[in-house]
Number of protein chains: 2
Amino acid sequence: MVTAQNFLLYLCTDRILSLGRPITEAVEAAIAGGVTMVQLREKEVSTGEFYRIALDVRTVTRHHHVPLVINDRLDIALAVSAEGLHIGQSDLPLSVARRLAGNRLFIGFSASTVEEARRAQAEGANYLGVGAVYPTGSKADAGEAIGLNRLAEICAAVNIPVVGIGGINAANAAEVMKTGAAGIAVISGILSKPDIQDAARNLRVIVNETL
Amino acid sequence: MVTAQNFLLYLCTDRILSLGRPITEAVEAAIAGGVTMVQLREKEVSTGEFYRIALDVRTVTRHHHVPLVINDRLDIALAVSAEGLHIGQSDLPLSVARRLAGNRLFIGFSASTVEEARRAQAEGANYLGVGAVYPTGSKADAGEAIGLNRLAEICAAVNIPVVGIGGINAANAAEVMKTGAAGIAVISGILSKPDIQDAARNLRVIVNETL
């Protein structure tokens with residue numbers, strides 16, 4: 001079961017930003033450091049390769065009882081029995097994903113406005129990824145930064161967990177949590193650091209201090 | 001319901017090989033010419049865009065009672081309630097796709113050897129796409145041409161419909177049918193022709209004459 005605790009430190013994977021380290025090792029180290037949920041993002045790979053990577057990552061996340069979320073691909077999420085699916089603005093419509101997934105998956109949605117957030121909640125999203133909170137180079141499609149005030153507005157407008165994403169690091173993680181966010185999503189702030197476990201642990205300590 | 005008749009003239013779409021003509025118009029013309037099944041192939045588009053294109057194409061195929069097969073993507077096939085899913089060697093494992101799809105989709109599989117064909121049949125494939133029969137430039141991943149003898153061997157080795165694919169045109173369609181194939185799959189032989197409807201009609205006449 002996914003609880004509020006699972007949103008505290010949400011890792012999004014990125015093959016390139018991991019600096020060549022194998023994804024299963026990177027995920028293993030991040031979980032050892034305190035990551036509470038893992039979202040697997042793969043672009044530019046075949047469905048078969050995505051499936052095999054997802055199976056490998058699922059082995060790691062299951063071993064540590066950390067929920068695995070698959071980005072974009074309902075087929076992969078169902079195929080590997082992931083716990084969740086994350087839907088962005090250019091993925092399947094949320095309502096369609098919900099209809100197809102039934103109760104087999106919890107579903108997150110990317111929102112950057114109060115209106116998008118409310119609509120996603122109404123359409124059955126179980127949580128929201130909201131951002132980009134700060135300017136970021138980690139996601140090409142992240143859009144303009146929305147800032148802390150907008151994030152706080154969105155957190156107040158819905159009653160599902162909101163994870164802040166985009167440009168979050170050890171220097172600003174605490175102020176993100178203070179907006180009412182359930183947690184922070186991090187890519188390069190963990191995966192691009194020389195010591196992944198240490199970077200995750202550092203962020204987790206900061207997050208925990210805000211609770 | 002999908003019957004043997006539906007495999008006679010199997011169109012695989014290709015955005016580039018359609019020479020810029022909108023896919024729904026191309027499919028409409030191909031069906032008017034006698035295409036009996038349509039496989040929608042999209043690469044390099046987002047899931048959301050694939051979904052919208054598939055919905056549009058499904059409107060056309062439904063109107064004409066022609067089965068629609070989605071290439072590779074189980075999520076899209078389920079999302080638009082397509083009749084079928086086609087699985088290639090770099091897609092989801094066939095057994096996984098069958099487990100997830102249940103009886104909601106008929107599933108085709110790409111095979112180029114007797115062994116692959118027999119295994120696919122055992123794993124629940126409803127038909128096979130076998131090739132490349134002839135050398136082709138239409139599919140980058142088509143592999144070496146297998147020729148008519150191999151195609152005939154595969155047709156004899158399984159009891160599910162076999163569609164020949166790869167380099168098939170008006171000049172060789174009849175000899176492909178004579179191997180025992182249930183039909184021919186065509187991409188550029190229809191979509192790259194100036195008159196799509198006429199190209200499809202011409203091929204359909206040739207196929208029908210072999211029955």
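Please read these numbers as outputs of a predicted model, since none were measured by experiment.

Cut-offs applied
- Residues numbered from 1 in each chain as written.
- Chains lettered and ligands numbered in written order.
- Predicted model: local features only at pLDDT ≥ 70, side-chain atom pairs only at ≥ 80, totals over all residues.
- Heavy atoms only, no water.
- Least-squares fit on C-alpha atoms with pLDDT ≥ 70 in both.
- Contact = heavy atoms within 4.5 Å.
- Buried < 20%, exposed > 50% of the residue type's maximum accessible area, 1.4 Å probe, protein only.
- Helix = DSSP H or I, 4+ residues; strand = E, 2+ residues; numbered from the N terminus.
- Arc of directions from axis to C-beta.
- Pairing = 2+ DSSP bridges.
- Right-handed = clockwise from strand over helix to strand, strands pointing away.
- Polar contact = N/O pair within 3.5 Å; in protein donor to acceptor, adjacent residues only side chain to side chain.
- Salt bridge = Lys/Arg side-chain N within 4 Å of Asp/Glu carboxyl O.
- Buried area = accessible area lost by both parts, 1.4 Å probe.
- Nonpolar A, V, L, I, M, F, W, Y, C, P; charged D, E, K, R; others polar.
- Axes fitted to C-alpha atoms, helices over the stretch in contact; angles between N-to-C directions.

Asks: Could you clarify how one ought to interpret the relation of the copies chain A and chain B in this entry?
Replies: Two copies of one chain are present, and they are related through a rotation about an axis combined with an axial shift. For the pair chain A and chain B, the best superposition has an RMSD of 0.0 Å and corresponds to a rotation of 180 degrees with a translation of 0.0 Å parallel to the axis. Taken together, the turn and the small shift mark the pair as related by a two-fold rotation axis. Measuring from the rotation axis to each C-alpha of chain A, the shortest distance belongs to A:D75, at 2.4 Å. Comparing interface residues between copies, 100% of those in chain A also lie at the interface in chain B; the contact surface is shared.

Asks: Looking at this structure, I do not really get helix α6 (residues 147-157) of chain A. What am I missing?
Replies: Counting along an α-helix, one turn takes 3.6 residues, and residues three or four places apart therefore face a common direction. Residue and element names in this part refer to chain A. Turning to α6, its buried residues are L151, I154, C155 and A157. Considered in projection along α6, the buried side chains sweep an arc of 165 degrees and stay on one side of the axis. Seen from the buried face of α6, the exposed residues on the opposite side, beyond 90 degrees, are N149 and A156. Where α6 is buried, its residues meet α5 (114-122), β6 (127-131), β7 (162-165) and α7 (173-177).

Asks: Please clarify how α5(A) should be interpreted in this entry.
Replies: All names here are of chain A. Of all the positions in α5, only V114, E116, A117 and A120 are classed as buried. Seen from one end, α5 has its buried residues packed into an arc of 165 degrees, which puts them on one side. Turned more than 90 degrees from where α5 packs its buried face, E115 and A122 sit exposed. Looking one or two places after α5, you find G124, whose phi comes out positive at around 105 degrees.

Asks: Whenever I open this one, the pairing of strand β5 (residues 106-111) of chain A confuses me. Can you help?
Replies: Regular strands show a simple pattern: their side chains alternate between the two faces of the sheet. Residue and element names in this part refer to chain A. Judged by how many residues are buried, β5 sits mostly within the fold: six of six residues are covered. As judged from the four bridges shared by strand β4 (residues 84-87) and β5, these two strands associate in the parallel manner. Bridging from a neighbouring strand, I87 pairs with F109 of β5. You can see the chain leave β4, run along helix α4 (residues 94-101) and come back into β5, and the turn it takes is right-handed. Of the crossover connections in this fold, the one passing from β5 over α5 to the parallel β6 is right-handed.

Asks: How should I be thinking about the side chain of A:T13 in this particular structure?
Replies: All names here are of chain A. Relative to the helices and strands, T13 resides in the loop between β1 (9-12) and α1 (23-33). Polar side-chain contacts of T13 include one of 3.0 Å to the backbone nitrogen of R41. Among all residues touching T13, those that are not within four sequence positions of it are I23, V27, V38, Q39, L40, R41 and L191.

Asks: How should the pattern of salt bridges be read in this particular structure?
Replies: Side chains that differ in sign of charge can pair as their charged atoms come close. Across all of its chains, the model carries 18 salt bridges over all chains by this definition. For the salt bridge of B:R15 with B:E49, the shortest nitrogen-to-oxygen distance reads 3.9 Å. Residue B:R15 is found in the loop between β1 (9-12) and α1 (23-33), and its partner B:E49 is found in helix α2 (residues 47-63); the two are separated by 34 residues along the sequence. Its relative accessible area of 42% is what places B:R15 among the partly exposed residues. The class of B:E49 is partly exposed, set by a relative accessible area of 32%. Salt bridges sharing common partners tie together A:R73, A:D75, B:R73 and B:D75.

Asks: I tried to follow the interface of chain A and chain B on my own but got confused; where do I start?
Replies: Size of an interface: often given as the accessible area lost when the parts come together. Each side of the interface is counted separately: chain A has 19 residues, and chain B has 19 residues. Roughly 1,500 Å² is buried in total at the junction of chain A and chain B, and carbon and sulfur atoms are behind 61% of that figure. Among the residues chain A hides against chain B, the three largest losses belong to A:T47, A:D75 and A:L92. Together they make up 27% of the total. Inspection of the region where chain A meets chain B yields two salt bridges. With its nearest N and O atoms 3.8 Å apart, the salt bridge here joins B:D75 to A:R73. At the boundary of chain A and chain B, one finds eight residue pairs in polar contact (both at pLDDT 80 or more). At the level of elements, α2 (47-63), α3 (74-79) and α4 of chain A are the ones that each hand at least two residues to the side of chain A that touches chain B. In terms of residue count, the dominant contributor to the side of chain A that touches chain B is α3(A) (five residues). Classifying every residue of the side of chain A that touches chain B gives nine nonpolar, four polar and six charged.

Asks: What exactly am I supposed to notice about unusual backbone geometry here?
Replies: With glycine set apart, most residues show a phi of negative sign, and most peptide bonds adopt trans. All names here are of chain A. The residue after G131, namely A132, is reached through a cis peptide bond having omega 0 degrees. Note on placement: A132 falls in the loop between β6 and α6. In this structure, D72 is a non-glycine residue whose phi angle is positive, near 75 degrees. With respect to the helices and strands, D72 occurs in the loop between β3 (68-71) and α3.

Asks: Which parts of the structure should I look at to understand the sheet that holds strand β2 (residues 37-40) of chain A?
Replies: Sheets are built from strands paired through backbone hydrogen bonds, the pairs being either parallel or antiparallel. All names here are of chain A. Read around the closed barrel, the eight strands follow the order β1-β2-β3-β4-β5-β6-β7-β8; overall the barrel is parallel. Here the strands of the sheet are splayed against their neighbours by 25 degrees on average, with no regard to which way each runs. By the bridge criterion, three bridges tie β3 to β4 in an arrangement that is parallel. Within β4, the residue paired with I70 across the bridge is L85. Contacts from α2 reach β2 and β3 within the one sheet, and its direction differs from that of β3 by about 160 degrees. The sheet strands contacting α6 are β6 and β7, and the helix crosses β7 at an angle near 165 degrees.

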